[in-house]
Amino acid sequence: MDNFMQTTGLRRRILVVDDEEINREILGQILSGSYEVSYAENGKQAYEMLTRRDLQFSLMLLDLLMPEMDGFELLERIQESEELHSVPVIVMTSEKDAEVQSIRLGASDFITKPYDMPEVILARCERIIELYEGNSLIRSAEKDRLTGLYSKEFFFEYIRQIESYNGERDMDAVVLNIEHFHMINEMYGRSVGDDVLKRTGLSLTRLFDPKSCIACRPDADTFYLYGVHREEYEEVFAELQEELAQLSQSPRIRFRIGIYPNVDKEIPAEIWFDHAKMACDRIRGDYTRQLSFYSKELNEHDLFHERLINDIDEAIERRDLIVYFQPKYAIQGVEPRLRSAEALIRWKHPELGMISPGEFIPLFESNGLIQKLDRYVWQEAVAQIRRWKEEFGISVPVSVNVSRVDIYDPKLEENLLELLKKNGISTEDLMLEITESAYSENSEGLIRVVNALRDNGFRIELDDFGSGYSSLNMLTTIPIDVLKMDMLFIRNMHKSVKNQKLVELVIDIARFLGVPVIAEGVEDEAQLITLKDIGCDVIQGYYFSKPVPPEEFGPFIEEELRKREME
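In this text, all values refer to a predicted model and were calculated from it rather than measured experimentally.

Draft legend 1. Representation of the overall build of the protein chain in the model. When its secondary structure is counted, the protein chain shows 23 helices and 19 strands. The C-alpha radius of gyration computed for the protein chain amounts to 39 Å, which surpasses the reference 24 Å derived for 567 residues by more than 25%, pointing to a less compact arrangement than a globule. Expressed as lengths along the three principal axes of its C-alpha atoms, the size of the protein chain is roughly 130 × 50 × 45 Å. When burial is assessed residue by residue, the protein chain has 47% of its 567 residues classed as buried. When the accessible surface of the protein chain is totalled, it reaches about 29700 Å², and 49% of it is carbon and sulfur. Once the 66 positive and 105 negative side-chain charges of the protein chain are each reduced to a mean point, those two points are 4 Å apart.

Draft legend 2. Molecular detail of the nonpolar core. Counting residues in each nonpolar core, the largest one holds 77 residues, and the members touching the most others are Phe364, Leu531 and Phe553. At 10 residues, helix 14 (residues 370–392) tops the list of elements feeding residues into this core. When sequence neighbours within four positions are dropped, the list of residues in contact with Phe553 reads Phe325, Gln326, Pro327, Leu338, Ala341, Trp388, Val396 and Val548. The next biggest cluster of nonpolar side chains, apart from the first, holds 27 residues, and it includes Ala215, Leu225, Val236 and Ile253.

Draft legend 3. Spotlight on the packing of aromatic side chains. Counting across every chain of the model gives 22 aromatic pairs. Relative to Phe273, the ring of Tyr224 has its centre 4.7 Å away and its plane inclined at 20°; by these criteria the two rings are stacked. Taken together, the residues Tyr224 in strand 8 (residues 222–228) and Phe273 in helix 11 (residues 269–282) connect sequence positions 49 residues apart. For the pair formed by Tyr224 and Phe273, the shared burial category is buried.

Draft legend 4. Expanded view of helix 2 (residues 21–31). Looking at helix 2, one finds that the buried residues are Asn23, Arg24, Leu27, Gly28, Ile30 and Leu31. The arc that holds the buried residues of helix 2, viewed along the axis, is 160°, so those residues lie on one side. Exposed and facing more than 90 degrees away from the buried side of helix 2 are Glu21, Ile22 and Gln29.

Draft legend 5. Representation of unusual backbone geometry in the model. Positive phi, close to 65°, is recorded for Glu68, a residue that is not glycine. Mapped onto the elements of the fold, Glu68 is located in the loop between strand 3 (59–63) and helix 4 (71–80).

Draft legend 6. How the structure looks around the layout of surface pockets. The computed volume of the largest pocket comes to approximately 1000 Å³. In terms of lining residues, the largest pocket is bounded by 38 residues, among which Glu342, Leu344, Ile361, Asp463 and Asp464 are the most central. Those elements giving two or more residues to the lining of the largest pocket turn out to be strand 12 (337–349), helix 13 (357–367), helix 14, strand 14 (398–401), helix 15 (404–407), strand 15 (430–435), helix 17 (436–441) and strand 16 (459–465).

Draft legend 7. Focus on the environment of Leu197. Residue position: Leu197 is located in helix 9 (residues 190–207). Along the sequence, Leu197 and Asp464 sit 267 residues apart, while their C-alpha atoms lie 46 Å from each other. Beyond its immediate sequence surroundings of up to four residues, Leu197 is in contact with Leu146, Thr147, Ile178, Phe181, Arg217, Ala220, Asp221 and Phe223.

Draft legend 8. Spotlight on a nonpolar patch on the surface. There is a patch of nonpolar side chains on the surface, built from Met183, Met187 and Tyr188 and spanning about 300 Å² of accessible area. Residue position: Met187 is located in helix 8 (residues 181–188).

Draft legend 9. Quick look at the pairing of strand 3. Along strand 3, five of the five residues are buried, which leaves the element largely enclosed by surrounding structure. Pairing of strand 1 (residues 13–17) with strand 3, which is carried by four bridges, proceeds in the parallel orientation. Its bridge partner lying in strand 3, Ile14 is registered against Leu59. With four bridges connecting them, strand 3 and strand 4 (residues 89–93) associate as parallel partners. In the strand pairing of strand 4, Leu61 is matched with Ile90. Note on the crossover from strand 3 through helix 4 to strand 4: the handedness is right-handed.

Draft legend 10. Highlighting the sheet that holds strand 10 (residues 291–293). As summarised here, the arrangement of the five strands in space is 7-8-6-9-10, forming an open sheet in which the pairing is mixed. Each edge of the open sheet is held by one strand with a lone partner, namely strand 7 (213–219) and strand 10. Across this sheet, the average inter-strand angle for adjacent strands is 20°, counted without regard to direction. In terms of strand pairing, strand 7 meets strand 8 through five bridges, oriented antiparallel. The residue of strand 8 that forms the bridge with Cys213 is Gly227.

Draft legend 11. Expanded view of the confidence of the model for the protein chain. Scored by pLDDT, the protein chain has a mean of 86; 93% of the residues are at 70 or more. The low-confidence segment residues 3–9, where pLDDT is below 50, has four contacts with residues more than four positions distant or belonging to other chains.

Draft legend 12. Fine view of the pattern of salt bridges. Counted according to the given criterion, the structure contains 38 salt bridges. The partner of Glu335 in a salt bridge is Lys563, with the nearest N and O atoms 4.0 Å apart. Taken together, the residues Glu335 in the loop between strand 11 (321–330) and strand 12 and Lys563 in helix 23 (residues 554–566) connect sequence positions 228 residues apart. Glu335 gets classed as partly exposed once you look at its relative accessible area, which sits at 41%. Of the charged contacts in the structure, one is a salt bridge between Lys501 and Glu504, with a shortest N-O distance of 3.6 Å. Of this pair, Lys501 and Glu504 both sit in helix 21 (residues 497–513), three residues apart, which is roughly one turn of that helix.

Draft legend 13. Structural detail: the side chain of Asp320. On the secondary structure map, Asp320 appears in the loop between helix 12 (296–318) and strand 11. Every residue in contact with Asp320, bar those within four places of it in the chain, is listed here: Ala315, Arg346, Trp347, Lys348 and Pro350.

Draft legend 14. Representation of the packing of helix 9 against helix 10 (residues 233–245). Two numbers describe how helix 9 lies on helix 10: the axes approach to 10 Å, and their chain directions differ by 145°. The handedness of the crossing between helix 9 and helix 10 comes out as right-handed. Residues Val196, Arg199, Thr200, Ser203, Leu204, Arg206 and Leu207 of helix 9 form the contact with helix 10, whose participating residues are Val236, Phe237, Glu239, Leu240, Glu243 and Leu244. Residues that form the contact of helix 9 with helix 10 fall into these classes: seven nonpolar, two polar and four charged.

Draft legend 15. View of the packing of helix 14 against helix 16 (residues 412–423). The N-to-C vectors of helix 14 and helix 16 enclose an angle of 30°; their axes lie 9 Å apart at closest approach. Judged by the inter-axis angle, helix 14 sits roughly parallel to helix 16. When you trace helix 14 past helix 16, the crossing you get is right-handed. When helix 14 is examined against helix 16, the residues Arg375, Trp378, Gln379, Val382, Ala383 and Arg386 are found in contact with a partner set consisting of Leu412, Asn415, Leu416, Leu419, Leu420 and Asn423.

Draft legend 16. Focus on the state of the cysteines. Under the counting rule described, the total for this entry stands at zero disulfides. The thiol sulfur of Cys216 is not disulfide-bonded, and the nearest other cysteine sulfur, from Cys213, lies at 10 Å. Judged by its relative accessible area of 0%, Cys216 falls in the buried class. The thiol sulfur of Cys280 is not disulfide-bonded, and the nearest other cysteine sulfur, from Cys216, lies at 14 Å. The class for Cys280 is buried, based on a relative accessible area of 1%.

The rules behind the values
Residues numbered from 1 in each chain as written. Predicted model: local features only at pLDDT ≥ 70, side-chain atom pairs only at ≥ 80, totals over all residues. Heavy atoms only, no water. Helix = DSSP H or I, 4+ residues; strand = E, 2+ residues; numbered from the N terminus. Rg over C-alpha atoms; globule rule 2.2 N^0.38 Å. Buried < 20%, exposed > 50% of the residue type's maximum accessible area, 1.4 Å probe, protein only. Areas by Shrake-Rupley, 256 points an atom, 1.4 Å probe, with all protein chains shown as cover. Lys, Arg positive; Asp, Glu negative; His and termini not counted. Charge placed at Lys NZ, Arg CZ, Asp CG, Glu CD. Core = buried A, V, L, I, M, F, W, Y, C linked by side-chain atoms within 4.5 Å. Contact = heavy atoms within 4.5 Å. Phe/Tyr/Trp six-rings, centres within 6.5 Å; stacked < 30°, edge-to-face > 60°. Arc of directions from axis to C-beta. 1 Å grid on protein atoms, 1.4 Å probe; cavity = no way out; pocket = protein on both sides within 12 Å on 5 of 7 lines; lining within 4 Å. Points joined across faces, edges and corners; volume = space filled by probe spheres on them. Patch = residues over 30% accessible without salt bridge, like charges linked within 9 Å, V, L, I, M, F, W, Y side chains within 5 Å. Salt bridge = Lys/Arg side-chain N within 4 Å of Asp/Glu carboxyl O. Pairing = 2+ DSSP bridges. Right-handed = clockwise from strand over helix to strand, strands pointing away. Axes fitted to C-alpha atoms, helices over the stretch in contact; angles between N-to-C directions. pLDDT = per-residue confidence, 0-100. Left-handed = near helix turned anticlockwise from the far one by under 90°. Nonpolar A, V, L, I, M, F, W, Y, C, P; charged D, E, K, R; others polar. Parallel < 35°, antiparallel > 145°, perpendicular 65-115°, else oblique. Disulfide = S-S within 2.5 Å.

What follows is the structure, encoded as structure tokens:
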């Protein structure tokens, strides 16, 4: 700062307040070589100069005994003003008794009359200006300008100080996020968004006692709280929600809150809030919950998922992901006949062992990585169809999943056709499974994609029919070639007459539409017999085989070839 001012020729301004002209002249001579000096004859005149917007003072030298308004009264008025508080004051006095009262009123230093040591006066002025400018910078960095809460850096520093004196007390780390805050700025304007942030900061200060809790705003729409452990968060944040709902000309505000109760003092404070934020992010978009509590179990689960996300590319490259195949059998003849297979992914992790698809498939569906997984399965399935054709001389069609992300990929058809061409097989060999959830998200878009795929010769299987809410409606609008009945129908089929009637109803619907039905999850002969009697076309499940790796699927094909030879 000093270097900058010297280079640019700027000089700090000092206000000398003394009713005696000779004193003003002496101080002016001492200071004018280094500073711009202004003068006032009494406290009233000085106060008027201090409050002028065109004058900015770095220091005031103040005599105490003056007419109209003395130095003590001026100090009192400065104490009452937030704007004037930043101007340091050096009191000029020869009375020791006045020093104590001046300190209580905010004076920073003293210069003893008479002014016979110019170097000392200059040195004291330089030191006080330097200290106050440094403190001013610290104060400006300490608080968030918009909300008045601590800045992130000072927040964590104060936590460390609190813990150095109070390390045994149970404390909580809380992260509060305003849901979809960017939409508030876009829809209502930045001024409304700023008002929401200000009111949130004020409400947090009111609802949480500053003696037992500190708060900061680390970024745009997030707030951190660190305070003494408490149980009644539901009530406190319900009150905060209600307060913000009363804002005029403002949208309905919704908060998400993550809480790490009784933080582990053995780990750094920053990690406490990482954990609380993890709990907060867990309920993003969940309008049934507002609070989420961190626990070690949840953390381990989240770390496990993060590990899977990080390892997916390496798993594909090292072929730790293995495509298994489960046979499907037509059952309406004298004996079951191999019709096709379904490709199912398995993950043999080099460190974590076999990972259930129930762990990684929903995870990848939620973050978009499912498309990468699907493409890997398509490549492996198509290559395996080609190998079976080369080894056994027959084609075994394979069903592969086409996720919601894949459906709306503009290059879906191009990629699939290129894959088939590369392996020398046709669209008859690869069946595409879609789920009704894709229909519920964008029915018109799904219908366009399905029609285009069928025009190219692909057969479409509707997977997990009956597991959602739009099944009957979608059957009247979406063109399909096969209906796959959800395995829950089969699992419950023999538990009651009503359950069996539901299975019969699904098969009747498929017959009306002119498409075959595949029943998933068939595990015993009784289910097989019932399904055959009521007209089910194809079954899949552990009754015939669990999903197996490619090298174990060969015997099913060999058995089918023997049956064909005997015909």
